[in-house]
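# Observations on the three-dimensional arrangement
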Amino acid sequence: MAISSKMQQRWHVLTCRSVEIAATCMCILIFLLGPLTEHWYMDQLFGFNGLEDGDDSWFLLWIALSVTVTHLFLPIRWCIVWPLEFLGLFMFPTLGAAVPRKTAFRPLGSSLTLALLVIASSVGKRSGELRERESYFSVVREKTLRARSEFKLSQRVDRKPLRFRGKTQGRADLP
């Protein structure tokens, strides 16, 4: 991200959308590296015979952490983050079905829990964006109303000079 901001300062070629897409692509790459950190998955994916079945807790935690971090801490819009949500939903069951196991593999409970986490993160991200847009819209609306009233007041004051009433002790009579 630091490189992209330097490029933007120097050449003014990057837009917010391109930075968001680049960040999403980097997150997808990091997301896909999760199974490569688990020794049992590495053994199975590259054809080595593991002595015992692996534990999916590290892999599930990696997916949950990746989804949560991308939704909470990266300033990326919800419509750009959806590939990560899709990947988070289907990566664990797909990899679980592709890798043979010696014991029974029951990914349904873990997959449902992961799906709830992804859906909750997605809904939270979307509702946060809606609140930000509503607050920005209210600020713009108030500034527009203020500018209109100041313009009308300046037009009124330019046309008609201020008059003073006799017993107001110096207060101006505004039209």
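Read on for an overview of the structure. (Residues numbered from 1 in each chain as written. Predicted model: local features only at pLDDT ≥ 70, side-chain atom pairs only at ≥ 80, totals over all residues. Heavy atoms only, no water.)

### Here we look at the side chain of Lys125
- By the secondary structure assignment, Lys125 is in helix H6 (residues 108-159).
- An unpaired buried charge is present at Lys125: no salt bridge exists, and Glu129, the closest side chain of opposite charge, is 4.7 Å distant.
- If sequence neighbours within four positions are ignored, Lys125 has contacts with His71, Leu74, Ile76, Arg77 and Trp78. (Helix = DSSP H or I, 4+ residues; strand = E, 2+ residues; numbered from the N terminus. Buried < 20%, exposed > 50% of the residue type's maximum accessible area, 1.4 Å probe, protein only. Lys, Arg positive; Asp, Glu negative; His and termini not counted. Salt bridge = Lys/Arg side-chain N within 4 Å of Asp/Glu carboxyl O. Contact = heavy atoms within 4.5 Å.)

### Some points on the side chain of Ser111
- Within the element layout of this structure, Ser111 appears in helix H6.
- By relative accessible area, which is 16% here, Ser111 ends up buried.
- Apart from the residues lying within four places of it in its own chain, the contact partners of Ser111 are Phe92 and Pro93.

### Describing the packing of helix H2 (residues 16-32) against helix H5 (residues 78-98)
- Relative orientation of the contacting elements H2 and H5 amounts to 15°, with a least axis distance of 8 Å. Put simply, H2 runs roughly parallel to H5. Once H2 is placed against H5, the crossing between them reads as right-handed. Here Arg17, Glu20, Ile21, Thr24, Cys27, Ile28, Phe31 and Leu32 of H2 come into contact with H5, specifically with Ile80, Pro83, Leu84, Leu87, Gly88 and Met91.
- Each residue belonging to the contact of H2 with H5 can be placed in one class, and the counts come to 10 nonpolar, 2 polar and 2 charged. (Axes fitted to C-alpha atoms, helices over the stretch in contact; angles between N-to-C directions. Parallel < 35°, antiparallel > 145°, perpendicular 65-115°, else oblique. Left-handed = near helix turned anticlockwise from the far one by under 90°. Nonpolar A, V, L, I, M, F, W, Y, C, P; charged D, E, K, R; others polar.)

### Notes on the state of the cysteines
- Scanning the model with the defined rule gives 0 disulfides in all.
- Here Cys25 is not disulfide-linked; the sulfur of Cys27 is the nearest cysteine sulfur, at 9.3 Å.
- Residue classification places Cys25 among the partly exposed positions, given a relative accessible area of 46%. (Disulfide = S-S within 2.5 Å.)

### As for the environment of Ala115
- Tracing the backbone through its elements, the reader meets Ala115 in helix H6.
- Separated by 51 residues in the primary sequence, Ala115 and Ala64 place their C-alpha atoms 9.7 Å from one another.

### Thoughts on the nonpolar core
- Counting residues in hydrophobic clusters, the biggest one holds 14 residues, and the most contacted among them are Phe31, Tyr41, Phe59, Ile63, Met91 and Phe92.
- Where this core is concerned, the elements lending two or more residues are helix H3 (39-45), helix H4 (57-72), H5 and H6.
- If sequence neighbours within four positions are ignored, Phe59 has contacts with Gly34, Pro35, Tyr41, Met91, Phe92 and Leu95.
- Counting residues in hydrophobic clusters, the runner-up holds 6 residues, among them Ala23, Ile76, Val81 and Leu84. (Core = buried A, V, L, I, M, F, W, Y, C linked by side-chain atoms within 4.5 Å.)

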